[in-house]
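Given next are the chains, with one letter for each unit.
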Amino acid sequence: MKLAFSTLGVPGLPIPEVIALATAHGYQGVELRTHPEEPVHLELTSRQRQAVAGAFAEAGVTVLGIAGYARVAAPGDDGPVLEELRALLELAGDLGAPFVRVFPGAGATASAADTEAAEEAAVRRLAAATGPADDRGVRLLLETHDSHRTGRAAGRIAERVGHPRVGVLWDVLHPWLAGEQPAATRAALGPHLGYVQVKDVVSAEDTTPVGLGAGALPLAACLARLGGTDRDGWLCWEYEKRWYERAAPLGRLLGPGREHLLRLLADTAG
């Protein structure tokens with residue numbers, strides 16, 4: 001499998017330094033957090049986009065994905081959500097990224113009817129975005145997160161959309177916190193799996209990020225469930241330094257983290 005890391009772990013770091021980290025530590029790709037406080041955001045000009053894409057291409061590093069913050073199951077009008085999806089897809093296309101990450105974002109629901117309405121909105125919005133996704137050659141991935149943190153919940157939305165341009169990003173933390181076993185998560189995602197975000201944390205009660213293998217997440221059990229074409233895909237380390245300022249700097253963890261992932265992949269190869 002190919003390895004990447006998310007710029008959530010190096011908040012605000014200039015793109016040349018991000019690329020230098022990737023090349024120095026043997027990561028083939030980078031997931032770019034797309035936010036106004038980051039070097040990559042939706043307001044980049046055409047020239048700025050060309051410069052970012054060119055820098056990655058020259059270094060031989062893949063822009064794996066655009067980590068956006070669109071919330072496709074959130075209450076409210078479809079218009080702003082669809083516009084954000086189109087903008088994210090356009091940015092991904094300009095940067096040559098094959099994936100765009102989105103969140104469910106339905107929030108707390110009081111009834112089964114509320115949950116159904118949220119999922120109907122997600123299905124409707126994602127389906128409406130498949131045309132622009134096709135045009136840009138990009139796949140929208142709904143992350144296992146917030147209101148739909150399990151593989152079963154996120155996979156259900158992707159299944160209802162029923163389009164190859166819509167899939168699921170398996171963030172290994174959230175299904176585990178919800179009590180879903182890795183085997184159940186992978187089974188629920190079926191053909192909808194896009195790529196896998198790996199991480200490690202102190203415990204289920206303390207989600208401070210730590211180096212891979214130094215925490216409580218069952219990474220080996222997760223990777224053991226990846227077989228067949230999964231093994232041609234991507235693992236992306238999402239180290240949540242942005243939300244935990246006291247966490248150790250990611251730069252000094254990238255090398256050991258890569259070695260840990262390679263050992264786990266070798267141990268779980270079937």
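Note that this is a predicted model, so its numbers are computed, not measured.

Draft legend 1. Up close: the overall build of the protein chain. Counting its regular elements, the protein chain contains ten helices and eight strands. What you see for the protein chain is a C-alpha radius of gyration of 18 Å, in line with the 18 Å of a compact globule of 270 residues. Projected onto its principal axes, the C-alpha positions of the protein chain cover 45 × 45 × 35 Å. When the 270 residues of the protein chain are sorted by exposure, 52% land in the buried category. Excluding contacts between residues fewer than 6 apart, the proportion of contacts in the protein chain whose partners are at least 24 apart in sequence is 80%. As displayed, the protein chain offers around 11300 Å² of accessible surface, 52% of which is attributable to carbon and sulfur atoms. Averaging the positions of the 26 positive and the 33 negative side-chain charges in the protein chain gives two centres separated by 2 Å.

Draft legend 2. Representation of the pairing of strand β3 (residues 62–71). Among the ten residues that make up β3, eight are buried, leaving the element largely enclosed by the rest of the structure. Relative to β3, strand β2 (residues 29–33) is paired through five bridges, and the arrangement is parallel. Note that in β3 the partner of Val30 across the bridge is Val63. Remark: the β2/helix α2 (residues 46–59)/β3 crossover connection has right-handed handedness. Sheet topology note: the β3/strand β4 (residues 99–103) ladder contains four bridges and is parallel. Across the sheet, residue Gly65 finds its bridge partner in β4, namely Phe99. Remark: the β3/helix α3 (residues 78–95)/β4 crossover connection has right-handed handedness.

Draft legend 3. Layout of the environment of Gly215. With respect to the helices and strands, the residue Gly215 is situated in the loop between β7 (193–198) and α9 (219–224). Classification of Gly215 as partly exposed rests on a relative accessible area of 29%. Separated by 109 residues in sequence, Gly215 and Ala106 have C-alpha atoms that sit 29 Å apart. Leave out the neighbours within four places in its chain, and Gly215 touches Asp200, Val201 and Val210.

Draft legend 4. Region of the structure containing empty space enclosed by the protein. Scanning all chains against the criterion turns up two cavities of 30 Å³ or more. Looking at the largest cavity, its volume works out to about 40 Å³. Looking at the lining of the largest cavity, the elements with two or more residues in it are α7 (173–177) and α8 (182–189). Looking at side-chain class alone, the lining of the largest cavity contains seven nonpolar, one polar and one charged residues. Of the voids in this model, the second largest cavity is the one considered here, and its volume is about 30 Å³. Lining the second largest cavity are Thr7, Ile15, Leu32, Arg33, Glu38, Pro39 and Val40. Broken down by class, the residue content of the lining of the second largest cavity amounts to four nonpolar, one polar and two charged.

Draft legend 5. Inspection of the layout of surface pockets at higher detail. Estimated volume of the largest pocket: approximately 180 Å³. Together, 17 residues line the largest pocket, and Leu8, Phe103, His145, Glu240 and Trp243 are the ones closest to its centre. Those elements giving two or more residues to the lining of the largest pocket turn out to be β3, β4 and α7. Its residues assigned to classes, the lining of the largest pocket shows six nonpolar, four polar and seven charged.

Draft legend 6. Representation of helix α10 (residues 254–268) within the structure. Taking 1.5 Å as the rise per residue, α10 with 15 residues should run 21 Å; its terminal C-alpha atoms sit 21 Å apart, in good agreement. For α10, the complete set of buried residues consists of Leu254, Gly257, His260, Leu261, Leu264, Leu265 and Thr268. For α10, the angular spread of the buried residues around the axis is 135 degrees, confining them to a single face. The outward face of α10, more than 90 degrees from its buried face, is lined by the exposed residues Pro256, Ala266 and Asp267. In the core, the buried residues of α10 are packed alongside β1 (2–6), α1 (15–25), β7, α9 and β8 (234–237).

Draft legend 7. Geometry of the packing of helix α6 (residues 151–161) against α8. At a minimum axis distance of 8 Å, the contact between α6 and α8 shows a crossing angle of 5 degrees. By the angle between their directions, the pair α6 and α8 is classed as roughly parallel. Of α8, the residues touching α6 (which contributes Gly151, Arg152 and Gly155) are Thr185, Ala188 and Leu189. Classifying every residue of the contact of α6 with α8 gives two nonpolar, three polar and one charged.

Cut-offs and rules
Residues numbered from 1 in each chain as written. Predicted model: local features only at pLDDT ≥ 70, side-chain atom pairs only at ≥ 80, totals over all residues. Heavy atoms only, no water. Helix = DSSP H or I, 4+ residues; strand = E, 2+ residues; numbered from the N terminus. Rg over C-alpha atoms; globule rule 2.2 N^0.38 Å. Buried < 20%, exposed > 50% of the residue type's maximum accessible area, 1.4 Å probe, protein only. Contact = heavy atoms within 4.5 Å. Areas by Shrake-Rupley, 256 points an atom, 1.4 Å probe, with all protein chains shown as cover. Lys, Arg positive; Asp, Glu negative; His and termini not counted. Charge placed at Lys NZ, Arg CZ, Asp CG, Glu CD. Pairing = 2+ DSSP bridges. Right-handed = clockwise from strand over helix to strand, strands pointing away. 1 Å grid on protein atoms, 1.4 Å probe; cavity = no way out; pocket = protein on both sides within 12 Å on 5 of 7 lines; lining within 4 Å. Points joined across faces, edges and corners; volume = space filled by probe spheres on them. Nonpolar A, V, L, I, M, F, W, Y, C, P; charged D, E, K, R; others polar. Expected span 1.5 Å × (residues − 1). Arc of directions from axis to C-beta. Axes fitted to C-alpha atoms, helices over the stretch in contact; angles between N-to-C directions. Parallel < 35°, antiparallel > 145°, perpendicular 65-115°, else oblique.

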